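Commentary on secondary and tertiary structure
Residue strings, one per chain:
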Amino acid sequence: MNWKSTLETSEELLDVHMVTPHFTAGFAIGIIAVHLVYPKLPGNVANATTYPFPVLYKEVFFEIEELFDGSDAIKNQIVDAAKYLEEQGVRAIIGACGYFAHFQEAVREAVDVPVFMSSLCQLPLIKTGISPKKRILVFAASGDNIDNTILSKVGSDSDRLLIQDVGHLDSFAGIRYGSNGFDNKRLTEDLANLAKKIIGENPDIGAILLECSDLPPYAKAIQAVTGLPVFDFNTMIDLVYHSVVQRTYLGYL
């Protein structure tokens, strides 16, 4: 049964739209996350304290390499996860890995809420915003898997991209291979130093995109040594959240 909820306060008329009642409510953002066990730092898409608003997770079970490759065998599980999140009342759906881009179109067609399955969805926006003479440095967990096939799913291509694989870094192994611990200080330094080196060798880089959902905790360190705009999953999620949950502006003239 659909209910139309009209709530008034002394300050404003609150959200009015058709909703299906659930035993919980208030999750605007739904996140599909692969079952991987290792420390998830604040800033990681799979750490709920990353966000100043509630998020609802749905776990999926397969090998991460299947996601990197875009295996058709996992598509139904991902689509079902998206449908579950929509049924729970989320207003937008995110995938907690850049390689969920393989399934951007399939999920978008299966649900009625907006879908942004990958941080790579930001590429058209970034290309629009920086000079056409500038390129975008993309830090990727599996650089070999980012090609025009996956990029086409998010309305982009490899033009003006410099793909840098970070999965090979020893300090990233704790994340890449799902071990129970890693040296966070070392990883921070490695990523920052790598970014600084690449920018020094490629002065035409105008922005950086962190593909992996584990990389946002290192965005500030990368920006500190490069001075460039750094986009990641959380810049996208913040944008999406504020588009589906608008607010009343209070102030004075």
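Scroll up to find the structure this text is about.
Since we're looking at a predicted model, the values are computed, not measured. (Residues numbered from 1 in each chain as written. Predicted model: local features only at pLDDT ≥ 70, side-chain atom pairs only at ≥ 80, totals over all residues. Heavy atoms only, no water.)

Helices and strands together make up the secondary structure of the protein chain, namely nine helices and 10 strands. Taking 2.2 N^0.38 as the reference for a compact globule, 253 residues should give roughly 18 Å; the C-alpha atoms of the protein chain span a radius of gyration of 19 Å, in line with that estimate. Principal-axis analysis of the C-alpha atoms gives the protein chain an extent of 55 × 55 × 35 Å. Burial status across the protein chain gives 45% buried among its 253 residues. Roughly 13,000 Å² of accessible area belongs to the protein chain as shown, and the carbon and sulfur atoms make up 53% of that amount. Charge centroids of the protein chain, computed over 20 positive and 31 negative side chains, lie 6 Å from each other. (Helix = DSSP H or I, 4+ residues; strand = E, 2+ residues; numbered from the N terminus. Rg over C-alpha atoms; globule rule 2.2 N^0.38 Å. Buried < 20%, exposed > 50% of the residue type's maximum accessible area, 1.4 Å probe, protein only. Areas by Shrake-Rupley, 256 points an atom, 1.4 Å probe, with all protein chains shown as cover. Lys, Arg positive; Asp, Glu negative; His and termini not counted. Charge placed at Lys NZ, Arg CZ, Asp CG, Glu CD.)

Across its 12 residues, helix α9 (residues 233–244) extends 17 Å between first and last C-alpha, which sits within 8% of the 16 Å expected from 1.5 Å per residue. Regarding α9, the residues found buried are Phe233, Asn234, Met236, Ile237, Val240, Tyr241 and Val244. Summarising the axial view, the buried residues of α9 lie within an arc of 155°, below the 170-degree limit, and thus occupy one face. Next to the buried residues of α9 lie β3 (29–34), β5 (92–95), β6 (115–116) and β9 (205–210). Measuring from the side-chain oxygen of the N-cap residue of α9 to the backbone nitrogen of Asn234 gives 2.8 Å; that N-cap residue is Asp232. (Expected span 1.5 Å × (residues − 1). Arc of directions from axis to C-beta. Contact = heavy atoms within 4.5 Å. Polar contact = N/O pair within 3.5 Å; in protein donor to acceptor, adjacent residues only side chain to side chain.)

What follows concerns the pattern of salt bridges. Here the idea is simple: oppositely charged side chains can pair when their charged atoms come close. The full count for this structure, using the stated rule, is seven salt bridges. For Arg186, the salt bridge goes to Asp170, with nearest N and O atoms at 3.9 Å. Within this pair, whereas Arg186 is found in helix α7 (residues 184–201), its partner Asp170 is found in the loop between β8 (161–165) and α6 (173–176), the two being separated by 16 residues in sequence. The salt bridge partner of Asp190 is Arg186, with a shortest N-O separation of 3.8 Å. (Salt bridge = Lys/Arg side-chain N within 4 Å of Asp/Glu carboxyl O.)

Applying the stated rule across the entire model yields three aromatic pairs. Both rings, one in Phe53 and one in Tyr241, keep their centres 3.8 Å apart while their planes meet at 5°; by these two values the pair is stacked. Placement of Phe53 in the loop between β3 and β4 (55–60) and of Tyr241 in helix α9 is noted, with a sequence separation of 188 residues between them. The class of Phe53 is buried, set by a relative accessible area of 6%. (Phe/Tyr/Trp six-rings, centres within 6.5 Å; stacked < 30°, edge-to-face > 60°.)

Moving on, we get to unusual backbone geometry. The phi torsion at Arg160 lies on the positive side, around 70°, for a residue other than glycine. Checked against the element boundaries, Arg160 lands in the loop between α5 (148–152) and β8.

If you trace the four strands from one edge of the open sheet to the other, you get β8-β7-β9-β10, paired in parallel fashion. Every interior strand has two partners, whereas the edge strands, β8 and β10 (230–231), have only one. As paired elements, strand β7 (residues 135–140) and β8 share five bridges and run parallel to each other. Following the sheet pairing, Phe139 is matched in β8 by Gln164. Along the sheet, α7 makes contact with β7, β8 and β9, crossing β7 at roughly 155°. Contacts between helix α8 (residues 219–226) and the sheet are confined to β7, β9 and β10, with β9 contributing the most and set at about 165° to the helix. (Pairing = 2+ DSSP bridges. Axes fitted to C-alpha atoms, helices over the stretch in contact; angles between N-to-C directions.)

Tracing the backbone shows Asp214 in the loop between β9 and α8. Buried charge without a partner: Asp214 forms no salt bridge, and the closest opposite charge is Lys40, 6.2 Å away. In this structure the side chain of Asp214 is engaged in a polar contact, spanning 2.6 Å, whose partner is the side chain of Tyr38. At 2.7 Å, the side chain of Asp214 forms a polar contact with the side chain of Asn44. Setting aside anything within four residues of it in sequence, one finds Asp214 in contact with Tyr38, Asn44 and Ile175.

On to the packing of α7 against α8. As a packed pair, α7 and α8 sit with axes 9 Å apart at the nearest point and diverge in direction by 35°. When you trace α7 past α8, the crossing you get is right-handed. Residue-level inspection shows Thr188, Leu191, Ala192, Ala195, Lys196 and Ile199 of α7 in contact with α8, the latter providing Ala221, Ile222, Val225 and Thr226. Here the residues of the contact of α7 with α8 sort into seven nonpolar, two polar and one charged. (Left-handed = near helix turned anticlockwise from the far one by under 90°. Nonpolar A, V, L, I, M, F, W, Y, C, P; charged D, E, K, R; others polar.)

Right, let's get into the sheet that holds β4. Sheet architecture is open: four strands sit in the order β4-β3-β5-β6, paired in parallel fashion. Looking at strand neighbours, the two that pair on one side only are β4 and β6, the edges of this open sheet. Pairing between β5 and β6: two bridges, direction parallel. In the strand pairing of β6, Ile94 is matched with Phe116. The strands touched by helix α2 (residues 75–87) within the sheet are β3, β4 and β5, with β4 carrying the most contacts at an inclination of about 155°. Docked against the sheet, α9 engages β3, β5 and β6, running at close to 170° with respect to β5.

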